[in-house]
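Structural overview
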Amino acid sequence: MSTYLFDESSVSSTMSSMKSDIEVYRESVTELKKLIITIESSDAWVDNTVKTSFVSTANSYVEKYEEVIKWMEALVDYLSEKSSAATALENAYK
């Protein structure tokens, strides 16, 4: 019968892994933002049109990564709530 019970440790492990991934993404986004600032302040670009386009594209990636982070955080919150609810339900009917 225990095969059908909620596996809280597995969900907890998944949430921990996702939280770790979120932190890695945040660090990467921070590095990308620093790179964009460096590029914007650089006079080494020969063609400013290319530079502007490159910065614009990089900024769009930052927006997308930040959106992914937001959705991953929402998923972690959802899993946490559902995990607590499933545990409470199983404990109520043991």
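This text follows the structure it describes.
Read on for an overview of the structure. The model shown is predicted, which means the values in this text are computed figures rather than measured ones.

The secondary structure content of the protein amounts to two helices and zero strands. Relative to the globule expectation of 12 Å for 94 residues, the C-alpha radius of gyration of the protein, 21 Å, shows a markedly less compact shape. Overall, the C-alpha framework of the protein stretches about 70 × 15 × 15 Å when taken along its three principal axes. For the protein, the share of sequence-separated contacts (at least 6 apart) that also reach a separation of at least 24 residues comes to 76%. As presented, the protein carries roughly 7300 Å² of accessible surface, and 56% of it is formed by carbon and sulfur atoms. Averaging the locations of the 9 positively and 16 negatively charged side chains of the protein gives two centres separated by 3 Å.

Attention shifts here to the packing of helix α1 (residues 8–41) against helix α2 (residues 48–92). In the contact formed by α1 and α2, the axes pass within 9 Å of each other and the chain directions differ by 160 degrees. One element, α1, and the other, α2, form an angle in the roughly antiparallel class. Seen along the crossing, α1 lies across α2 with a hand that is left-handed. Of the residues in the contact of α1 with α2, the class split is 21 nonpolar, four polar and nine charged.

You can see Ser-83 is positioned in helix α2. In this structure Ser-83 touches Phe-6, Glu-8 and Val-11, once residues within four positions along its chain are discounted.

Okay, the nonpolar core next. In this structure, Met-18, Ile-22, Val-29, Ile-36, Ile-39, Val-55, Ala-58, Val-62, Ile-69, Met-72 and Val-76 together form the largest nonpolar core, which totals eleven residues. Of all the secondary structure elements, the ones that give two or more residues to this core are α1 and α2. Top element by residues in this core is α2. It accounts for six residues. Among all residues touching Val-76, those that are not within four sequence positions of it are Met-15, Met-18, Lys-19 and Ile-22.

Our next topic: the pattern of salt bridges. For the structure shown, the criterion picks out four salt bridges. Of the charged contacts, one joins Glu-23 and Arg-26 as a salt bridge, the two residues approaching to 2.9 Å between their closest N and O atoms. Of this pair, Glu-23 and Arg-26 are both found in helix α1, three residues apart, which corresponds to roughly one turn of the helix. Judged by relative accessible area, which is 39%, Glu-23 ranks as partly exposed. Several salt bridges share partner residues, and in doing so they unite Glu-23, Arg-26 and Glu-73 into one network.

Each value, and the rule that gives it
Per chain, residue numbering runs from 1 following the sequence as it is written. Whole-chain, interface and lining totals are the exception, using all residues; otherwise, since this is a predicted model, local features are given only for residues with pLDDT of at least 70 and side-chain atom pairs are given and counted only at 80 or more. Water and hydrogen atoms play no part in the side-chain values, which are based on all heavy atoms of the structure. Put simply, DSSP H or I for four residues or longer makes a helix, DSSP E for two residues or longer makes a strand, and each gets a number counted from the N terminus. The size measure is the radius of gyration over C-alpha atoms, and the globule rule it meets is 2.2 Å times the number of residues to the 0.38 power. Contacts are residue-level and defined by heavy atoms, with any inter-residue pair within 4.5 Å sufficient. Residue-level accessible areas treat just the shown protein chains as cover; the underlying method is Shrake-Rupley with a 1.4 Å probe. Note that His is not counted, nor are the chain ends; the positive residues are Lys and Arg, and the negative ones are Asp and Glu. Charged groups are reduced to one reference atom each: NZ for lysine, CZ for arginine, CG for aspartic acid, CD for glutamic acid. For helices, the axis comes from a line fit to the C-alpha atoms of the stretch in contact; other axes are also lines fit to C-alpha atoms, and the angle between any two N-to-C directions lies between 0 and 180 degrees. The scheme is simple: roughly parallel for angles under 35 degrees, roughly antiparallel for over 145, roughly perpendicular for 65 to 115, oblique for anything else. By definition, turning the near helix anticlockwise from the far helix through less than a right angle yields a left-handed crossing, and turning it clockwise yields a right-handed one. Only Asp, Glu, Lys and Arg are considered charged, only Ala, Val, Leu, Ile, Met, Phe, Trp, Tyr, Cys and Pro nonpolar, and every remaining residue, Gly among them, polar. Think of a nonpolar core as a cluster: buried Ala, Val, Leu, Ile, Met, Phe, Trp, Tyr and Cys residues, connected wherever their side-chain atoms sit within 4.5 Å. Burial here depends on accessible area, computed with a 1.4 Å probe over protein chains only, as a share of the maximum for the residue type. Under 20% is buried, over 50% is exposed, and the range in between is partly exposed. Here, a salt bridge means any side-chain nitrogen of Lys or Arg that lies within 4 Å of a carboxyl oxygen of Asp or Glu.

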